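Results of the structural survey
What follows is the residue order along each chain.
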Amino acid sequence: MKPRVGAVRYLNTKPLVYDLDQADTPFTLSFDYPSRLADQLSLGLLDVALIPSIEYFLGKDYRIITDACIGCLGPVWSVKIFFRTPPQQVKTLALDEGSRTSAALAKILLAERVGVRPQLQALPLGSDMRDCEADAMLLIGDRAIHPPAIDAVEVWDLGETWVEWTGLPFVFAMWVARPGIATEEIAKRLMEARDGGMENLEKIAEREAAKYQLTTSECFHYFHDNLHFTLGPQEKEGLMRYYHYAVQLGLAPSGRTPIYDDCKIA
C-alpha cells in the first residue's frame, strides 16, 4: 500500500501540490482542513501531512521532512481578525475552526501587543459568520479572502502584523511525518511539486481563480506576493519565536526542538 499523504484543501496549497496527480506519484494524496489533517496524522490515518505549525509542537517525535512550507513575509491576505470593537477592548473572540496555528497566533498577538486575553468561541466550518456576535472574529483561508459584510472598526492581517512586530517570517504549515515512516522518496516528490508550482504560478492561477471567485491576476498575486513556500533559516527562526510565545501562553509544551529530516532543509 502506498504511503498516505494529506494536504490542505485551501487555495494556498495549490503551488505545493502541483502535478501530484500523476500515476508515478509514490503516495496517495487526500485533502482536508488543516486541523483535521493534524488529527488524522496523530491517529495514524495519514503518514505525512501538511499540518499547522502549532500541531508540530503538540505532536510527539514528528519530523519536518522538506523545505516546502506555507508561510509569509508580510501581508498574507487569507488570515485576518475582524474587530467590531477596538482591539484593546475585545472581550470575546470567535475562532475559525479550520486552522489551530492561526488561532494560536491570534491569541499571541492579542496578548502580547494589546494585553487582552478574550473569551473564546468556536466559529464552525460552514457556519454563517453574520450570526456571530463576538467582539472579534478570526477568519482563515477562503473565508478571510471573501469575508461577509461585517461592521469592522479594524482589521488585522495576521501575517503583516506578525512580520511588523517581530521582523521575522511566519510559517503556517509544514510537511510533517509521524514516527517510523520512510520519507526520502515522499520528500523528494513534494519538493519537486513545490518547485514545479513556483515555476507555473500563472498557469495555476488561471486554473484555480474562478473556483475561488478571484480574477487570475488576484490569484497570481496571492501566490506570488502574499505567500512564501520555502522553509529557510529565517523561517525556522520565526517558527521558534512563535513557539516561544506559544509556550509562554500555555498553548504548547516546553522543551520541544524541531527535528528536520536528514539534510533536506538548509
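A brief look at the structure comes next. (Residues numbered from 1 in each chain as written. Predicted model: local features only at pLDDT ≥ 70, side-chain atom pairs only at ≥ 80, totals over all residues. Heavy atoms only, no water.)

A few words on unusual backbone geometry. Positive phi is not limited to glycine here, since Asp19 has a value of about 65°. Relative to the assigned elements, Asp19 resides in the loop between β1 (4–8) and β2 (28–32). Even without being glycine, Asp61 reaches a positive phi, approximately 60°. Topologically, Asp61 is positioned in the loop between α2 (53–58) and β4 (63–72). (Helix = DSSP H or I, 4+ residues; strand = E, 2+ residues; numbered from the N terminus.)

This part covers the pattern of salt bridges. Evaluated as defined, the whole model comprises 13 salt bridges. With its nearest N and O atoms 2.9 Å apart, the salt bridge here joins Glu55 to Arg100. Residue Glu55 is located in helix α2, and its partner Arg100 is located in helix α3 (residues 100–114); the two are separated by 45 residues in the primary sequence. Residue Glu55 is classed as buried on the basis of its relative accessible area of 11%. Residue Arg100 is classed as partly exposed on the basis of its relative accessible area of 32%. Asp195 is paired through a salt bridge with Arg194; the nearest N and O atoms lie 2.7 Å apart. Judged by its relative accessible area of 37%, Asp195 is partly exposed. Through salt bridges with shared partners, one network takes in Arg4, Asp47 and Arg178. (Salt bridge = Lys/Arg side-chain N within 4 Å of Asp/Glu carboxyl O. Buried < 20%, exposed > 50% of the residue type's maximum accessible area, 1.4 Å probe, protein only.)

The next thing to look at is the pairing of β4. The buried fraction of β4 is high, at 10 of 10 residues. In terms of strand pairing, β4 meets strand β10 (residues 170–177) through six bridges, oriented antiparallel. Residue pairing for β10: Gly71 is matched across the bridge by Val171. The pairing of β4 with strand β11 (residues 228–230) spans two bridges and is antiparallel. Bridge pairing in β11 links Ala68 to Thr230. (Pairing = 2+ DSSP bridges.)

Spatial ordering of the open sheet is given by β2-β1-β3-β10-β4-β11, a layout of six strands whose pairing is mixed. Each end of this open sheet is capped by a strand with a single partner; those strands are β2 and β11. Within this sheet the neighbouring strands show an average axis-to-axis angle of 25°, counted without direction. The sheet strands contacting helix α1 (residues 34–42) are β1, β2, β3 (48–52) and β10, and the helix crosses β3 at an angle near 130°. (Axes fitted to C-alpha atoms, helices over the stretch in contact; angles between N-to-C directions. Contact = heavy atoms within 4.5 Å.)

Looking now at the nonpolar core. Counting 85 residues, the largest nonpolar core has Ile81 and Trp175 as its most contacted members. Each of domain 1 (4–70 + 170–260) and domain 2 (79–166) contributes no fewer than three residues to this core. Formed by nine residues, the second largest nonpolar core is a distinct cluster that contains Cys132, Ala134, Leu139 and Ile150. (Core = buried A, V, L, I, M, F, W, Y, C linked by side-chain atoms within 4.5 Å. Domains from an automatic or database assignment.)

From the geometry alone we can't say anything about function, so treat these as descriptive.
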